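Per-entry structural report
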Amino acid sequence: MEIDKTSSLHFAKCGQTVHPDLANLFKGFSKLSKDERLNALKEFGLLEKSEIEYLQKGGLKDTSLGEKFVENVIGYFQVPLGVATNFNIDGKDFVIPMAVEETSIVAAASKTAKWVRECGHIKTEIIGSEIIGQIQLAKVKDFAKFKNQIETAKAEFIKTSNEEVAFGMVRRGGGVTDIQVREIIRPDGLSMAIVHVHMNPVDAMGANIVNQVCEFLKNPIQELTNEKVTMCILSNLVDTKLTKATVVVENIEADLAEKIEEASLFSQLDPYRAATNNKGVLNGIDPILIATGNDWRAVEAGVHAYASRDGQYRSITRWYRDGKNLVGELIAPIIVGTVGGVTSLHPTAGLCLKMMKTQGAGELSRVIAAVGLVQNLGALKALTTVGIIEGHMKLHIKNLTLAAGASEVELPFVQKKLEEILSLKKRISLSHAIEVLKELRSRVQTSSDRN
Ligand code: MEV
């Protein structure tokens, strides 16, 4: 299938015409074969010939890089790498790489992004810029005195941390910016002191450097206060650097908007539902983190901790009606890097980052938040209308058909029949596929006997 790179009329935006950059790439992308998809990405300057060859050979094979990352390496674990299309975030088009095994995530993201693109928009922002490192002093003798000593030495601690440890970050416009002291009253009534080191990591995720700063401050703090530092480590609950995405769907059908608002209220109020809602949001977030070599466990931990910040676990997204529009918001710590660690070392991560054409960690984080929110919208729309089975199983039908042993010629007939059964019975299984195939073959046999 050919992709037209010249036409400028691509997506009808609620009746109007718009001229987005990658719109022609997005059009019909899912109907292309794998090789055609790779070529299309090359034509649009998102992949190079050598990168296509690398992907066609199955990506990373040589385990020597793996051995640099972890111990006792015996190979690589491959998950499918797809690309979600149709995303226009803050007025810019993005191709989104997603490394994920779950059927329908990439398709649902692309389909919902198309809806938003045609009938709305996505805006994102970062609130705050600092990550947090923690220094624990399990038992301090006199908390008030300790706090006062740290606050008096704060400027000097920040200066020496930046000069001796975080100088690279400072050169790039970041570094340690603040030091704060918190008190936690222990179950035995004594005081635990926690020193928070705030640091702007610029385009790095910042885990290593903030840990280094905390460890660097251990001795000066002990010498100054005569109290004992018990451990130092970053915090994944980064409420000082939050990513916000907002999706607006204009002139949405009133009934659908109300259903989505009700579904959202459910996930705000009920932790059982909130967990599943947030899992659906993370369906959009984790695959990008994996594809770009980012630490998805850190983001997961931060998202869940932030979701519980008022003492009850809640949805990290919220949908509400605003006149004729539906508005969705996601706010969460999504701390990622575009330099350092696996992002720089793993060739597939490098290729994915390049394909996204993001300008640094801030934009990557904003794109990830937008995809998570759009993924959530797709799930809520399906759940409150046709139900989850239909969407999921439609895509699964082909797998069932193949598993039943259908040939290329038999495939379309069996698929069509299974779709009919699905819409009638609202469920489908391998035994349905086997039955349909058996029936088809016996009909073919009878008609050839007759001839
Ligand atoms: C399945 O992977 C994700 C959903 O359960 C999310 C949700 O319920 O919102 C469909």
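Data block above holds the structure.
Here goes a summary of the coordinates provided. Note that this is a predicted model, so its numbers are computed, not measured. (Residues numbered from 1 in each chain as written. Predicted model: local features only at pLDDT ≥ 70, side-chain atom pairs only at ≥ 80, totals over all residues. Heavy atoms only, no water.)

We now examine the site of the ligand. Taken together, Glu102, Arg273, Thr276, Asn277, Lys279, Gly280, Asn283, Ala379, Leu383 and Ile388 make up the full set of residues near the ligand. Contacts to the ligand include lysine 279, whose side-chain N or O atom sits 2.8 Å from an oxygen atom. In the environment of the ligand, an oxygen atom lies 2.9 Å from a nitrogen or oxygen atom belonging to the side chain of asparagine 283. Relative to its unbound accessible area of 300 Å², the ligand is 85% covered by the protein chains. The set of elements that each furnish at least two residues to the shell around the ligand consists of α10 (271-291) and α14 (360-384). In terms of residue count, the dominant contributor to the shell around the ligand is α10 (six residues). Of the residues that constitute the shell around the ligand, the class distribution is three nonpolar, four polar and three charged. (Near = heavy atom within 4 Å. Polar contact = N/O pair within 3.5 Å; in protein donor to acceptor, adjacent residues only side chain to side chain. Areas by Shrake-Rupley, 256 points an atom, 1.4 Å probe, with all protein chains shown as cover. Helix = DSSP H or I, 4+ residues; strand = E, 2+ residues; numbered from the N terminus. Nonpolar A, V, L, I, M, F, W, Y, C, P; charged D, E, K, R; others polar.)

A separate point is unusual backbone geometry. For residues besides glycine, phi is generally negative; the peptide bonds are generally trans as well. Within the chain, asparagine 72 stands out as a residue other than glycine whose phi angle is a positive 55°. By the secondary structure assignment, asparagine 72 is in the loop between α4 (64-69) and β3 (81-89). On the accessibility criterion, asparagine 72 (75% relative accessible area) is exposed. Positioned with a positive phi, asparagine 226 is a non-glycine residue whose angle comes to about 60°. The topology assignment puts asparagine 226 in the loop between α8 (207-225) and β9 (231-234). Judged by its relative accessible area of 61%, asparagine 226 falls in the exposed class. (Buried < 20%, exposed > 50% of the residue type's maximum accessible area, 1.4 Å probe, protein only.)

Quick look at the side chain of aspartate 178 now. Note on placement: aspartate 178 falls in strand β7 (residues 175-185). A distance of 2.9 Å separates polar atoms of two side chains, one belonging to aspartate 178 and the other to lysine 154. Of the polar contacts made by the side chain of aspartate 178, one reaches the side chain of glutamine 180; its length is 3.0 Å. Not counting chain neighbours up to four residues away, the residues in contact with aspartate 178 comprise Lys154, Ile158, His196, Val197 and His198. (Contact = heavy atoms within 4.5 Å.)

This next bit is on a nonpolar patch on the surface. A contiguous nonpolar patch, built from Phe77, Val79, Ile290 and Trp296 and spanning about 400 Å² of accessible area, is present on the exposed surface. Take tryptophan 296: it is sitting in helix α11 (residues 296-307). Judged by its relative accessible area of 33%, tryptophan 296 is partly exposed. (Patch = residues over 30% accessible without salt bridge, like charges linked within 9 Å, V, L, I, M, F, W, Y side chains within 5 Å. Salt bridge = Lys/Arg side-chain N within 4 Å of Asp/Glu carboxyl O.)

Below, the discussion takes up the sheet that holds strand β8 (residues 191-200). The antiparallel open sheet is built from four strands, whose spatial order is β7-β8-β6-β9. Each having just a single partner strand, β7 and β9 make up the two edges of the open sheet. Ignoring strand direction, the axes of neighbouring strands in this sheet form an average angle of 20°. Relative to β8, strand β6 (residues 131-140) runs antiparallel, the two being bridged by eight bridges. (Pairing = 2+ DSSP bridges. Axes fitted to C-alpha atoms, helices over the stretch in contact; angles between N-to-C directions.)

Take the pattern of salt bridges next. Any two side chains of opposite charge can pair, on the condition that their charged atoms come close. Going through the model one piece at a time under the given rule, you end up with 22 salt bridges. Between glutamate 329 and arginine 318 there is a salt bridge, with the nearest N and O atoms lying 3.9 Å from each other. Linking glutamate 329 in strand β12 (residues 325-332) with arginine 318 in strand β11 (residues 317-322), this pair joins segments that are eleven residues apart in sequence. One salt bridge connects lysine 417 with glutamate 420, and the closest N-O pair in it is separated by 3.7 Å. In this pair, lysine 417 and glutamate 420 are both assigned in helix α16 (residues 411-425), three residues apart and thus about one turn of the helix distant. Via salt bridges that share partners, Glu48, Glu51 and Lys354 belong to a single interconnected network.

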